Amino acid sequence: MKLKTKNFALLLAGFGLSVALHAQEGVVNVTQDSDIDKLLEYKKDIKTTKVYKIQVYQSIDIDKAQREKENFLNTYDEWPTEIIWNTPNYKVWVGNFASRLEADRALVKIKKNYMYANILQPKTEK
């Protein structure tokens, strides 16, 4: 008789705990102003004194560099791209990354299609 009472008490306690744990579920809805996303994009584009870029291509022919820039933009449209002329090459640079970590994360994605891409920190004029 004691064994049945003990099993019944354990069963009842287990049921009570499962109901209590089940009651902890919930849904969280986060609403934010749409201007926050615009502000973040604006902040990314602001040039700071320490900016990292990723070089994806270089060539002595500006037409090839322009084609490669367009190809890059067709694949990755989330970062700004520019063509820089640095004697004697035209270089396709991507992004204005504020931190090395952010540039490293982008490089992992870019390396899938541009295996010779590398991170650089161009000199900025003060």
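Each remark here, short or long, concerns the structure printed above.
Here goes a summary of the coordinates provided. Every value quoted in this text rests on a predicted model; they were computed, and no experiment measured them.

### A look at the packing of aromatic side chains
The geometry of an aromatic ring pair is captured by the separation of the ring centres together with the interplanar angle, meaning the angle of the planes.
Phase 1: Under the criterion given, the structure shown has five aromatic pairs.
Phase 2: Summarising the aromatic geometry, the rings of Phe72 and Tyr114 are spaced 5.5 Å apart at their centres and angled 55 degrees between planes, so their arrangement reads as tilted. You can see Phe72 sitting in helix H3 (residues 62–75) and its partner Tyr114 sitting in the loop between helix H4 (100–110) and strand E4 (118–120), a full 42 residues away along the chain. For the pair shown, Phe72 and Tyr114 are each scored as buried.

### Structural notes on the nonpolar core
Phase 1: In this structure, Ile54, Val56, Phe72, Trp79 and Ile110 are the most contacted members of the largest nonpolar core, which totals 17 residues.
Phase 2: A per-element tally of this core places H4 first, with four residues.

### Comments concerning H4
Phase 1: Among the residues of H4, those classed as buried are Ala103, Ala106, Leu107 and Ile110. End-on, the buried residues of H4 take up no more than an arc of 105 degrees, which puts them together on one face. More than 90 degrees from the buried face of H4, the exposed residues found are Arg105 and Val108.
Phase 2: In this structure, the buried residues of H4 make contact with strand E1 (52–59), H3, strand E3 (89–97) and E4.

### Considerations on the pairing of strand E2 (residues 81–86)
The two faces of the sheet receive side chains in turn, since in a regular strand these alternate between them.
Phase 1: Bridge count between E2 and E3: six bridges; the pairing is antiparallel. By the bridge assignment, Thr81 is partnered in E3 with Val94.
Phase 2: Here E2 folds back onto E3, and the loop between the two strands holds two residues.

### Quick word on the side chain of Lys91
Phase 1: Residue placement: Lys91 occurs in strand E3.
Phase 2: Put simply, Lys91 is tucked away with no salt bridge, and the nearest opposite charge, on Glu82, sits 12 Å away.
Phase 3: The contacts of Lys91, once residues within four sequence positions are left out, are Gln55, Tyr57, Gln58, Glu82, Ile83, Ile84 and Asn86.

### Re the sheet that holds E4
Phase 1: The strand order across the open sheet built from four strands is E2-E3-E1-E4, with neighbouring strands paired in antiparallel fashion. Looking at the sheet topology across the chains shown, the edges are occupied by E2 and E4. Taken over all neighbouring pairs, the strand axes of this sheet differ in orientation by 40 degrees on average, direction set aside.
Phase 2: Where H3 meets the sheet, it contacts E1, E2 and E3, and its direction lies at approximately 160 degrees from that of E2.
Phase 3: The sheet contacts of H4 involve E1, E3 and E4, and relative to E1 the element is tilted by about 40 degrees.

Here is what the cut-offs are and how they apply
- Residues numbered from 1 in each chain as written.
- Predicted model: local features only at pLDDT ≥ 70, side-chain atom pairs only at ≥ 80, totals over all residues.
- Heavy atoms only, no water.
- Phe/Tyr/Trp six-rings, centres within 6.5 Å; stacked < 30°, edge-to-face > 60°.
- Helix = DSSP H or I, 4+ residues; strand = E, 2+ residues; numbered from the N terminus.
- Buried < 20%, exposed > 50% of the residue type's maximum accessible area, 1.4 Å probe, protein only.
- Core = buried A, V, L, I, M, F, W, Y, C linked by side-chain atoms within 4.5 Å.
- Arc of directions from axis to C-beta.
- Contact = heavy atoms within 4.5 Å.
- Pairing = 2+ DSSP bridges.
- Lys, Arg positive; Asp, Glu negative; His and termini not counted.
- Salt bridge = Lys/Arg side-chain N within 4 Å of Asp/Glu carboxyl O.
- Axes fitted to C-alpha atoms, helices over the stretch in contact; angles between N-to-C directions.

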